[in-house]
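Now for the letters of each chain:
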Amino acid sequence: MTTKILAGNWKLNKNRNETREFFKALGTQAASSPVKKIVATSPTLLESARLAAEQSGVEIYSQNIAWDASGAWTGEISPVQLKDIGISGTLIGHSERRQFFGDTSESCKRRLECAMKHEIHTIFCVGETLSERKASLTRALLEEQLKAVCDLKAPRELLVIAYEPVWAIGTGVVAEVPQIKESHAWIAEILAKSGAPAYQILYGGSVKPSNFSEISKIPYVAGGLVGGASLDPKSFLELHAALML
Ligand code: PGA
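Novice: Let's hear about the overall build of the protein chain: which residues, and what values?
Specialist: Helix and strand content of the protein chain: 11 helices and 8 strands. For 245 residues, the compact-globule formula gives about 18 Å, and the C-alpha radius of gyration of the protein chain, at 17 Å, lands near that figure. Considered along the principal axes of its C-alpha atoms, the protein chain spans approximately 45 × 45 × 35 Å. Taken across its 245 residues, the protein chain has 52% of its residues classed as buried. For the protein chain, long-range pairs separated by at least 24 residues make up 73% of all intrachain contacts whose partners lie at least 6 apart in sequence.

In structure tokens, the structure reads:
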């Protein structure tokens, strides 16, 4: 059986004190479970979160990573700098990076290559906007966004895909089961066709404790990338419990 994954994406939320409070409340309740638990934080929280999370079994990830280990890249965060503070995981290509901060398939590819070179565990995010879905472009778009992954053929244990339809992120609109089923199966097919490893695929977009159990049972859904519902320790534990069902 492959390990299920619960990954929280805290976006631009929490300060160090709130982070410590979160992990204090979490305690060791989920520490020894077979679920892989991750929280991706802002750069200023990474180190304190890692220390605060030590007993909880939660791994701390960055929300972004540079395409180079060092150099003239103002505002970026390098894999070497991450490792220096004990962080060895990151998100790449979250839709908010692609939509609002200019990340493209090309820049995501470069970030991914750099992350893999430095053995940084990566959750690589893909997903269509509402207008792309309405124009029946979902399949083509996913294929295009996954090209970086297919070309690279990274080790399976270093890379996870997150399918997050942009229209379902932070909106309260959850994709319907058949829509999730279709996209996840399509992603698995794209990976298989290219000869890439069968990477685990997470679903993201308005995941909540109340819908997570159903979503996580859909074929090819290995867990979730969760924003809003991952911020509260009680809700995080409920999400965790939903994966154990
Ligand atoms: P959400 O965010 O769960 O708040 O919709 C998901 C994400 O952005 O990864």
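Now that the structure has been shown, the text picks up again.
Novice: An account of the side chain of Gln200 is needed here, citing residue identities and associated values.
Specialist: Along the polypeptide, Gln200 turns up in strand β7 (residues 200–204). There is a polar contact of 2.5 Å between the side chain of Gln200 and the backbone oxygen of Thr3. Setting aside residues no more than four positions away along its own chain, Gln200 makes contact with Thr2, Thr3, Ile5, Arg156, Val160, Ile161 and Ala222.

Novice: Can you lay out the site of the ligand for me, pointing to particular residues and giving the numbers?
Specialist: In the vicinity of the ligand, 13 residues are found, and the nearest of them are Lys11, His94, Glu164, Gly170 and Ser206. Gly170 places a main-chain nitrogen or oxygen 2.7 Å from an oxygen atom of the ligand. Within the complex, 94% of the 290 Å² of free accessible area of the ligand lies under protein. In terms of residue class, the shell around the ligand is made up of 4 nonpolar, 7 polar and 2 charged.

Novice: Please set out the layout of surface pockets residue by residue, giving values where relevant.
Specialist: Where empty space is left becomes clear once a probe the size of a water molecule has been rolled over the atoms. Taken as a whole, the largest pocket holds about 430 Å³ of empty space. Contributing to the lining of the largest pocket are 17 residues, with Pro43, Gln63, Asn64, Arg97 and Phe101 lying nearest its centre.

Novice: Give me the environment of Gln81: which residues, what numbers.
Specialist: With respect to the helices and strands, the residue Gln81 is situated in helix α3 (residues 79–84). Take Gln81: its relative accessible area is 48%, and that puts it in the partly exposed class. Among the polar contacts made by the side chain of Gln81, one reaches the main-chain amide nitrogen of Ser78 at a distance of 3.0 Å.

Novice: Lay out the pattern of salt bridges with the relevant residues and their values.
Specialist: If you walk through the whole model with that rule in mind, you get 12 salt bridges. Ionic pairing is found between Glu113 and Lys109, a salt bridge with its closest N-O pair at 4.0 Å. Of this pair, Glu113 and Lys109 both sit in helix α5 (residues 105–117), 4 residues apart, which is roughly one turn of that helix. By relative accessible area, which is 35% here, Glu113 ends up partly exposed. Close ionic contact of Glu238 with Lys234 constitutes a salt bridge, the shortest N to O distance being 3.1 Å. One end of the pair is Glu238 and the other is Lys234, both in helix α11 (residues 233–244) and 4 residues apart, which spans about a single turn. Residues joined in a network through salt bridges with shared partners are Lys109, Glu113, Lys147 and Asp151.

Novice: With reference to specific residues and values, describe the environment of Ser95.
Specialist: Its place among the elements puts Ser95 in helix α4 (residues 95–100). Residue Ser95 is classed as buried on the basis of its relative accessible area, which comes to 8%. Taking the C-alpha atoms as reference, Ser95 lies 7.1 Å from Cys125; in sequence the two are 30 residues apart. Sequence-distant contacts of Ser95, that is, excluding residues within four places in its chain, are made with Val166 and Ile169.

Novice: Quick rundown of the packing of aromatic side chains? Include the residues and the values.
Specialist: Summed over all chains, the structure comprises 6 aromatic pairs. Ring plane angle 80° and centroid distance 5.4 Å describe the contact between Trp67 and Trp73, whose orientation is recorded as edge-to-face. A relative accessible area of 34% places Trp73 in the partly exposed class. Summarising the aromatic geometry, the rings of Tyr163 and Tyr203 are spaced 6.3 Å apart at their centres and angled 55° between planes, so their arrangement reads as tilted. Linking Tyr163 in strand β6 (residues 159–163) with Tyr203 in strand β7, this pair joins segments that are 40 residues apart in sequence. Judged by relative accessible area, Tyr163 falls into the buried class, the value being 0%. The lysine or arginine in question, Lys14, covers the ring of Trp10, its NZ or CZ lying 5.0 Å from the ring centre. The cationic tip of Arg110 hangs over the ring face of Trp67; the distance from NZ or CZ to the ring centre is 4.1 Å.

So, how was this worked out
- Residues numbered from 1 in each chain as written.
- Predicted model: local features only at pLDDT ≥ 70, side-chain atom pairs only at ≥ 80, totals over all residues.
- Heavy atoms only, no water.
- Helix = DSSP H or I, 4+ residues; strand = E, 2+ residues; numbered from the N terminus.
- Rg over C-alpha atoms; globule rule 2.2 N^0.38 Å.
- Buried < 20%, exposed > 50% of the residue type's maximum accessible area, 1.4 Å probe, protein only.
- Contact = heavy atoms within 4.5 Å.
- Polar contact = N/O pair within 3.5 Å; in protein donor to acceptor, adjacent residues only side chain to side chain.
- Near = heavy atom within 4 Å.
- Areas by Shrake-Rupley, 256 points an atom, 1.4 Å probe, with all protein chains shown as cover.
- Nonpolar A, V, L, I, M, F, W, Y, C, P; charged D, E, K, R; others polar.
- 1 Å grid on protein atoms, 1.4 Å probe; cavity = no way out; pocket = protein on both sides within 12 Å on 5 of 7 lines; lining within 4 Å.
- Points joined across faces, edges and corners; volume = space filled by probe spheres on them.
- Salt bridge = Lys/Arg side-chain N within 4 Å of Asp/Glu carboxyl O.
- Phe/Tyr/Trp six-rings, centres within 6.5 Å; stacked < 30°, edge-to-face > 60°.
- Lys NZ or Arg CZ within 6 Å of the ring centre and 35° of its normal.

Worth remembering: the numbers are spatial, not functional.
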